[in-house]
Amino acid sequence: MRILILVIAFVAFPLAAVAETSSVRCGFFEVPPDSEALVFDRSGGIKRKLGPGRQRCIPFLETVSIVNTLRERRQDIESLWSADRCNVTASVIWRVSDLEKYHTKGGEVAAVSMIQSLALEALKTAETSGNDIEAVSQDIHAALRHKRPAFEEFGVALYRSYSNVDCGAY
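Okay, so let's go over this structure. (Residues numbered from 1 in each chain as written. Predicted model: local features only at pLDDT ≥ 70, side-chain atom pairs only at ≥ 80, totals over all residues. Heavy atoms only, no water.)

This part takes up the pairing of strand E6 (residues 73–81). The alternating pattern of E6 places Arg 73, Gln 75, Ile 77, Ser 79 and Trp 81 on a buried face, while none of Arg 74, Asp 76, Glu 78 and Leu 80, on the opposite face, is buried. Across nine bridges, E6 lies against strand E7 (residues 86–96) in antiparallel orientation. Its bridge partner lying in E7, Leu 80 is registered against Asn 87. (Buried < 20%, exposed > 50% of the residue type's maximum accessible area, 1.4 Å probe, protein only. Helix = DSSP H or I, 4+ residues; strand = E, 2+ residues; numbered from the N terminus. Pairing = 2+ DSSP bridges.)

Let us look at helix H3 (residues 107–128). Spanning 22 residues, H3 covers 32 Å between terminal C-alpha atoms, matching the ideal 32 Å at 1.5 Å per step. By the burial criterion, the buried members of H3 are Gly 107, Ala 110, Ala 111, Val 112, Met 114, Ile 115, Leu 118, Ala 119, Ala 122, Leu 123 and Ala 126. In this fold, the buried residues of H3 make contact with E6, E7, helix H2 (99–104), helix H4 (136–146), helix H5 (148–153) and strand E8 (156–166). (Expected span 1.5 Å × (residues − 1). Contact = heavy atoms within 4.5 Å.)

What follows concerns a nonpolar patch on the surface. Where nonpolar side chains cluster on the molecular surface, the patch consists of Ile 58, Phe 60 and Leu 61 and spans about 290 Å² of accessible area. Tracing the sequence through the fold places Phe 60 in the loop between strand E4 (53–56) and strand E5 (63–68). (Patch = residues over 30% accessible without salt bridge, like charges linked within 9 Å, V, L, I, M, F, W, Y side chains within 5 Å. Areas by Shrake-Rupley, 256 points an atom, 1.4 Å probe, with all protein chains shown as cover. Salt bridge = Lys/Arg side-chain N within 4 Å of Asp/Glu carboxyl O.)

Right, let's talk about the environment of Val 67 for a bit. Among the secondary structure elements, Val 67 is positioned in strand E5. The class of Val 67 is buried, set by a relative accessible area of 16%. With 32 residues separating them in the primary sequence, Val 67 and Ser 35 have C-alpha atoms 5.5 Å apart. When neighbours within four sequence positions are excluded, Val 67 is seen to be in contact with Ser 35, Glu 36, Arg 73, Val 96 and Leu 99.

Strand order in this open sheet of three strands is E3-E2-E5, and the pairing throughout is antiparallel. In this open sheet, the two edge strands, each paired with only one partner strand, are strand E3 (46–50) and E5. Taken pair by pair, the neighbouring strands of this sheet meet at an average axis angle of 20°, ignoring direction. Note that strand E2 (residues 35–40) and E5 share six bridges and pair antiparallel. Residue pairing in the sheet places Leu 38 in a bridge with Ser 65 of E5. (Axes fitted to C-alpha atoms, helices over the stretch in contact; angles between N-to-C directions.)

The description of an aromatic ring pair rests on the distance of the ring centres and on the angle between the ring planes. Taken as a whole and assessed by the stated rule, the structure comprises zero aromatic pairs. The ring of Trp 94 carries the charged tip of Arg 73 above its face, separated from the ring centre by 5.5 Å. Positioned above the aromatic ring of Phe 154, the side-chain terminus of Lys 105 is 5.7 Å from the ring centre. (Phe/Tyr/Trp six-rings, centres within 6.5 Å; stacked < 30°, edge-to-face > 60°. Lys NZ or Arg CZ within 6 Å of the ring centre and 35° of its normal.)

For the rest of this paragraph, the subject is the side chain of Glu 62. Topologically, Glu 62 is positioned in the loop between E4 and E5. At 2.7 Å, the side chain of Glu 62 and the side chain of Lys 47 are in polar contact. Among the polar contacts made by the side chain of Glu 62, one reaches the side chain of Arg 48 at a distance of 3.1 Å. Apart from residues no more than four positions distant in its own chain, Glu 62 is found in contact with Cys 26, Val 39, Phe 40, Lys 47, Arg 48 and Cys 57. (Polar contact = N/O pair within 3.5 Å; in protein donor to acceptor, adjacent residues only side chain to side chain.)

Scanning the model with the defined rule gives seven salt bridges in all. A salt bridge links Arg 48 to Glu 62; its shortest N-O distance comes to 3.1 Å. Taken together, the residues span a long stretch of sequence, with Arg 48 in strand E3 and Glu 62 in the loop between E4 and E5 at a distance of 14 residues. Given the relative accessible area of 4%, Glu 62 is considered buried. Residues Lys 105 and Glu 153 are paired through a salt bridge, measuring 3.5 Å at the closest nitrogen-oxygen approach.

So far we have only geometry, and geometry alone does not tell us how the molecule works.
The structure is reproduced here in structure tokens:
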């Protein structure tokens, strides 16, 4: 019996400490009000999505990832417009709207890559539109709004976008 207690004390508890992430302890854990959690099985597949509150999972068989889904994130994309020699910075404000899609598509790295690609495309569309430099912000925002389904495919919601134009540096 003593050996069993020693094995649990020196093997099981340290393994549990190694298995947990910085924000989650398997067993019982708290999901903050502005977050959602995904519970994964041992193979990495999504078992369930959890909302805010006190939750539980099975130690060693499940892992948990908590993501703040209400926090707005900002991505800045810069472009040099050749015709006017102006530096244009488009800023996209976004947040996670569907945690399962967001995780399945690759999380933050994939979302940021997609946002950068769509914003650069919007910048090119705005540059070739022929409008003057003052209308660039509306052109970029309209082009990004038009691509809203691509954002939603990645589990990301586009909140707003704006741009800054600097023609004095060149």
